[in-house]
Amino acid sequence: MTNATHLPPIVDTVLKDLKRVVIKVGTRVIDDEKTQFNRPIMKSLTREIAELKARGVEVILVSSGAVGAGLRGLGIPKRPRSIHLRQACAAVGQGRLMHEYQRLFHAHGITTAQVLLTRSDLDRRTSYLNVRETLLHLLTLGVLPIINENDTVSADELNFGDNDFLAALVAGKMDAGLLVLLTRVDGVLRSVDGNQSEGELIEVIEDNYKEALGVVRDKSDPLSMGGMRSKLEAAGKARSKGILVAIANGLRPGILGAILSGRAKATWMLPTRKRLDAWKYYLAFAKQPSSAKIIVDEGAVEAVRDRGKSLLASGVNAITGSFKVKDLVQVFDPEGNEVARGLVNYTSRELRKIQGRSTKEIREILNRQDAQEVIHRNNLVLF
């Protein structure tokens, strides 16, 4: 039983019945300029994770820190702009990071497994499903998966951006009950700039998600990539899959126990009322859309958004770029706002011929009887 008496009932319900949690640790939580790693904090976190596992809670750890550890090891003062130098730092630091975790978890009798992922690993449906199977087998064996982006091989245009996004994807794919994002502040603070620790804490985010996004202003950090806005956006993705999210200060000893008891000073983001299923979560966040766009009229926006309809050619105003059948393409309203994305049933060349046309006209133009929807509602996810 938790002590989350001041929090919405769903927090207490999730924490009482928690079976699986994804914990993301930021670089600045475990980094130390003089000693390379903040060992007291890492020791505290590993002890608490061991306690969670002893209670029967499955834990997946997503940890940043490879690039930072490489920078320390190579004597480079700040995160390099050069992708190749950054990859070299990651190659040096990843081994050091895993060695530190292995040493600390070994003291609790826990076997760890390194899992390095690139954006393309989760973009392809087959490998996306394989990641889940691998992680499930590790959890069944009692192994603690420690996940990081494979910075050594990922390119800028194919990376996750930061491990907050990666953690949200993993939490959604693994049906976690809780996602914990550990940073250097107590949560989302009004007027926070991402690096300061002062301001009014927003304890609960539900219908006020856009308001919370509006109060966050991140500063650049020479060592880490993800700021508070990144955490909010990642949490927004996870909550759409029905996952409770806690954003809290990883530098506070005992923070995981406090979160699980509902007593932590933290920001709680509640799951959305309408939740994405696994397929649409994959389309929305894991699969990379093509660079092409479909612009539709207001009638089409109303049909797909308010009436749950498929996207028809009659509602298409314009197409930019090119795409193939079954490519993931973004759909925009006349004002340039993304309203949906989905898998198309026509090539861009075909769609340009039939945009704005009726089903009868499409059959005549393309000389075929199977006039399909541009995007079927089962393969369409709203934004």
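Only a predicted model underlies this, so the values are computations on that prediction, with no experimental measurement involved.

(A) Summary view of the pairing of strand β9 (residues 244-249). Counting buried positions along β9 gives six out of six residues, so the element sits mostly inside the fold. The two faces of β9 match: Leu244, Ala246 and Ala248 on one face and Val245, Ile247 and Asn249 on the other face are all buried. Where strand β7 (residues 178-183) lies against β9, six bridges are found, and the strand directions are parallel. By the bridge assignment, Val180 is partnered in β9 with Ala246.

(B) Layout of the nonpolar core. Val22, Ile147, Leu179 and Leu232 are the most contacted members of the largest nonpolar core, which has 54 residues in total. Here this core gets seven residues from one element, more than from any other, and that element is helix α8 (residues 163-173).

(C) Region of interest: helix α13 (residues 298-306). When α13 is considered as a whole, its buried residues turn out to be Ala300, Val301, Ala303 and Val304. All buried residues of α13 project into a common sector of 165 degrees when viewed along the axis, lining one side. Along its buried surface, α13 packs onto β11 (293-296), β14 (338-343) and β15 (380-382). Measuring from the backbone nitrogen of Gly299 back to the side-chain oxygen at the start of α13 gives 3.2 Å, which picks out Asp297 as the cap. Downstream of α13 by a residue or two, Gly308 has a phi angle that is positive, lying close to 65 degrees.

(D) Region of interest: the pairing of β14. Of all six residues in β14, five are buried, a share of seventy percent or more. Pairing geometry for strand β13 (residues 328-332) and β14, over five bridges, is antiparallel. Bridging from a neighbouring strand, Leu328 pairs with Leu343 of β14. Linking two consecutive strands that pair antiparallel, namely β13 and β14, is a turn of five residues; a positive phi of about 90 degrees is found at Gly336 within it. In the sheet, β14 pairs with β15 via three bridges, with the strands oriented antiparallel. Within the sheet, the bridge partner assigned to Ala340 lies in β15 and is Leu382.

(E) Quick peek at the sheet that holds β9. A sheet is described by the order of its strands in space; here eight strands give the open sequence β5-β6-β4-β1-β7-β9-β10-β8, paired in mixed fashion. Two strands close off the open sheet at either side, each with one partner strand: β5 (112-117) and β8 (204-205). Pairing between β8 and strand β10 (residues 266-269): two bridges, direction parallel. What sits directly across from Ile205, in β10, is Met269.

(F) Seen up close, the packing of aromatic side chains. Tallying each qualifying case throughout the model produces five aromatic pairs. Taking 5.1 Å as the distance between ring centres and 70 degrees as the angle between the ring planes, the aromatic pair formed by Tyr281 and Phe285 counts as edge-to-face. Taken together, the residues Tyr281 and Phe285, both in helix α12 (residues 278-286) and four residues apart, mark about one turn of the helix. Assessed through its relative accessible area of 1%, Tyr281 is described here as buried.

(G) Expanded view of the pattern of salt bridges. On inspection of all chains with the given rule, the structure shows 21 salt bridges. Close ionic contact of Lys24 with Asp164 constitutes a salt bridge, the shortest N to O distance being 3.0 Å. A residue pair is termed long-range when its members are at least 10 positions apart, and Lys24 in strand β1 (residues 20-25) and Asp164 in helix α8 qualify at 140 residues. By relative accessible area, which is 0% here, Asp164 ends up buried. Across the pair Glu338 and Arg341 runs a salt bridge whose closest N-O atoms are separated by 2.8 Å. You can call Glu338 partly exposed: its relative accessible area is 22%. Residue Arg341 is classed as buried on the basis of its relative accessible area, which comes to 10%. Beyond isolated ion pairs, a larger network of salt bridges with shared partners links Lys24, Asp164 and Lys231.

The rules behind each value
Residues numbered from 1 in each chain as written. Predicted model: local features only at pLDDT ≥ 70, side-chain atom pairs only at ≥ 80, totals over all residues. Heavy atoms only, no water. Buried < 20%, exposed > 50% of the residue type's maximum accessible area, 1.4 Å probe, protein only. Helix = DSSP H or I, 4+ residues; strand = E, 2+ residues; numbered from the N terminus. Pairing = 2+ DSSP bridges. Core = buried A, V, L, I, M, F, W, Y, C linked by side-chain atoms within 4.5 Å. Arc of directions from axis to C-beta. Contact = heavy atoms within 4.5 Å. Polar contact = N/O pair within 3.5 Å; in protein donor to acceptor, adjacent residues only side chain to side chain. Phe/Tyr/Trp six-rings, centres within 6.5 Å; stacked < 30°, edge-to-face > 60°. Salt bridge = Lys/Arg side-chain N within 4 Å of Asp/Glu carboxyl O.

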